[in-house]
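# Reading the structure
The primary structure of each chain is shown beneath.
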Amino acid sequence: MGLLEQIKDAGIIGCGGAGFPTHAKLNCEVEYLLVNAAECEPLLRTDRYLMKHRPEDIIRAVEAVGQMTKAQKMFIGLKETYTDEIASLQKAISSLKSPVKLFPLHNYYPAGDEQALVCDITGRTVPPAGIPLNVGAVVSNVASMIGISEAMNDTPFTEKYLTVTGEVKEPIIVKAPIGTSVKSCIEAAGGSLISDYHILIGGPMMGKLYKKEELDSLYVTKTTSGVVIVKNDSALVQGKEFPLERAMRMARVSCIQCQYCTEMCPRFLIGHPLSPHKIMRSVAYSENLEETMKLQAVKEALTCSECGLCEVYACPMMLSPRKVNQMLKAEYRKQGIRYQRTQDSYSAREQRDYRRVNSHRLAMRLDVEAYYDYDIDKLVELAPDEVHISVAQHIGAPGEIQVQVGDSVNKGDLLGKIPENALSANTHCSINGTVTAIDKNMITIKKA
Ligand code: SF4
Ligand code: SF4
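Quick caveat: nothing in here was measured; it's all calculated off a predicted structure.

### Some details on the pairing of strand S2 (residues 73-79)
Most of S2 sits out of view: 6 of its 7 residues are buried. The pairing of strand S1 (residues 32-36) with S2 spans 5 bridges and is parallel. Across the sheet, the residue bridging to leucine 33 is methionine 74, located in S2. Bridge count between S2 and strand S3 (residues 101-105): 5 bridges; the pairing is parallel. Looking at S3, one finds that glycine 77 is bridged to phenylalanine 103. In this view, the connection linking S2 to its parallel neighbour S3 by way of helix H5 (residues 83-95) has right-handed handedness.

Rendered as structure tokens:
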């Protein structure tokens, strides 16, 4: 069996973001294979743990994927501040005599944005609404490389490494079977230090916020990279919960058109025409949103990555171009309107080099600086009695369910199978046990 089939069979998907099936992404030939190890969310340490503790697995997988995609150049992009991780990977590269190279990046947010990474390493700009393949590159995450190294031994993707941090007794890295409750991950970190809190799944910039009352319904998926406990009154919680209607009202009365949101926008800086200050002006003063949405400057909202830098860092008036763009994107999607490019080629703006926002300063602005310098290197492996596994953890069609209530299942058994000719991913069982419930796409398995 070829590597692409092994990756497909194992159910590997992008580990930090939306969960694009990796076999579909890597079914290409490229000049550059880029491995994203920048872990740009300020508080997460998962990728750093993997680079320190499983460097040879990473390098072997990068090399194998490089051969498969006929990549002429293979780079792992990671921050220049990751001294131990660089040393660990460099040692593995030397001992394996590998052609894989490391590419040190500045410690800025969002260094791990796929398009920023392509721009940093290749000097090329992915066109707006495009993909790295448009400029001869493919990007995969370092955690996906761990999954691929296991797929090379025909082991499916059933366990996930994630960071548990914030207001917990002892910040840790957890290795959890997919479907483990988030609650048990928090307990493994000694529990929360505060009684009232919010839970952030992912990092503080792009992660999803949940109320404490929702904790019992949260489970580890293939894309869970972190669990962060945050105080209810933190700037982070207040910013994320700020209602759109209020954000729009505030934009109308408070936007001073200073353009900082545009000048610091990572997509603007790589050369895209996205100018959030123009969108704010057009939308805030619009009397007819439908007409306003026909303007090209407003349609550029479709290329916003929702990185949040404009909202958290750039705007002196505490406005949220990100929320406005999210609203516009949803509206365009509803109307079936897709982005049309207006230029043949794009290149990074000169000011990009000195407009980068340092990750530490960002953590201060987010009110999470207290957790920024945690050196998280302790691993706790969980063995839950029950898991809740969705067959729709990825982009594309849900997997076709292969089991019934009452079936005995073993770790590695197929639960959700890729439907014929669909973009999808396989999902496997993560513990030995019995299927006790199936609710839509969610399968519950109790330990035997
Ligand atoms: S940074 Fe804020 S105040 Fe300045 S143009 Fe952008 S939205 Fe308006
Ligand atoms: S969220 Fe703001 S800073 Fe980020 S890409 Fe969108 S407009 Fe630019």
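Read on, since the account is not over.
### What about the site of ligand 2?
In the vicinity of ligand 2, the residues found are Cys265, Pro266, Arg267, Pro276, Cys304, Ser305, Glu306, Cys307, Gly308, Cys310, Arg322 and Asn325. Where the shell around ligand 2 is concerned, the elements lending two or more residues are helix H12 (266-269) and helix H17 (321-334). Its residues placed into classes, the shell around ligand 2 shows 6 nonpolar, 3 polar and 3 charged.

### Some thoughts on the environment of cysteine 261
Tracing the chain through its elements places cysteine 261 in helix H11 (residues 260-263). With 53 residues separating them along the chain, cysteine 261 and alanine 314 place their C-alpha atoms 5.2 Å apart. Other than its neighbours up to four places away in sequence, cysteine 261 contacts Pro276, His277, Cys310, Ala314 and Pro321.

### Focus on H5
The first and last C-alpha atoms of H5 sit 18 Å apart over 13 residues, in line with the 18 Å expected at 1.5 Å per residue. Among all positions in H5, only Glu85, Ser88, Leu89, Ala92 and Ile93 are buried. Angular distribution of buried residues about the axis of H5 spans 135°; they occupy a single face of the element. Those residues of H5 that are exposed and aimed more than 90 degrees away from the buried face are Thr83 and Lys91. Against helix H3 (46-53), helix H4 (55-68), S2 and S3 lie the buried residues of H5.

### Quick look at the sheet that holds strand S18 (residues 433-439)
Here we have 4 strands laid out as an open sheet, ordered S13-S19-S18-S15, and antiparallel in their pairing. This sheet does not close on itself; its edge strands, each paired only once, are strand S13 (386-390) and strand S15 (408-409). Pairing between S15 and S18: 2 bridges, direction antiparallel. Note on S18: the bridge partner recorded for serine 408 is threonine 434.

### Some thoughts on the domain arrangement of the chain
Each assigned domain of the chain is listed with its residue range as follows: domain 1 (3-151), domain 2 (158-234 + 368-384), domain 3 (243-366) and domain 4 (385-448). Computed over C-alpha atoms only, the centres of domain 1 and domain 3 are separated by 28 Å. A buried area of about 1,700 Å², summed over both sides, lies between domain 1 and domain 3, and 57% of it is on carbon and sulfur atoms. Area buried by domain 1 at its contact with domain 3 is led by Tyr109, Thr125 and Pro128, which between them contribute 38% of it. Linking domain 1 with domain 3 are 3 salt bridges, by the criterion used here.

Thresholds, definitions, all that
- Residues numbered from 1 in each chain as written.
- Chains lettered and ligands numbered in written order.
- Predicted model: local features only at pLDDT ≥ 70, side-chain atom pairs only at ≥ 80, totals over all residues.
- Heavy atoms only, no water.
- Buried < 20%, exposed > 50% of the residue type's maximum accessible area, 1.4 Å probe, protein only.
- Helix = DSSP H or I, 4+ residues; strand = E, 2+ residues; numbered from the N terminus.
- Pairing = 2+ DSSP bridges.
- Right-handed = clockwise from strand over helix to strand, strands pointing away.
- Near = heavy atom within 4 Å.
- Nonpolar A, V, L, I, M, F, W, Y, C, P; charged D, E, K, R; others polar.
- Contact = heavy atoms within 4.5 Å.
- Expected span 1.5 Å × (residues − 1).
- Arc of directions from axis to C-beta.
- Domains from an automatic or database assignment.
- Buried area = accessible area lost by both parts, 1.4 Å probe.
- Salt bridge = Lys/Arg side-chain N within 4 Å of Asp/Glu carboxyl O.

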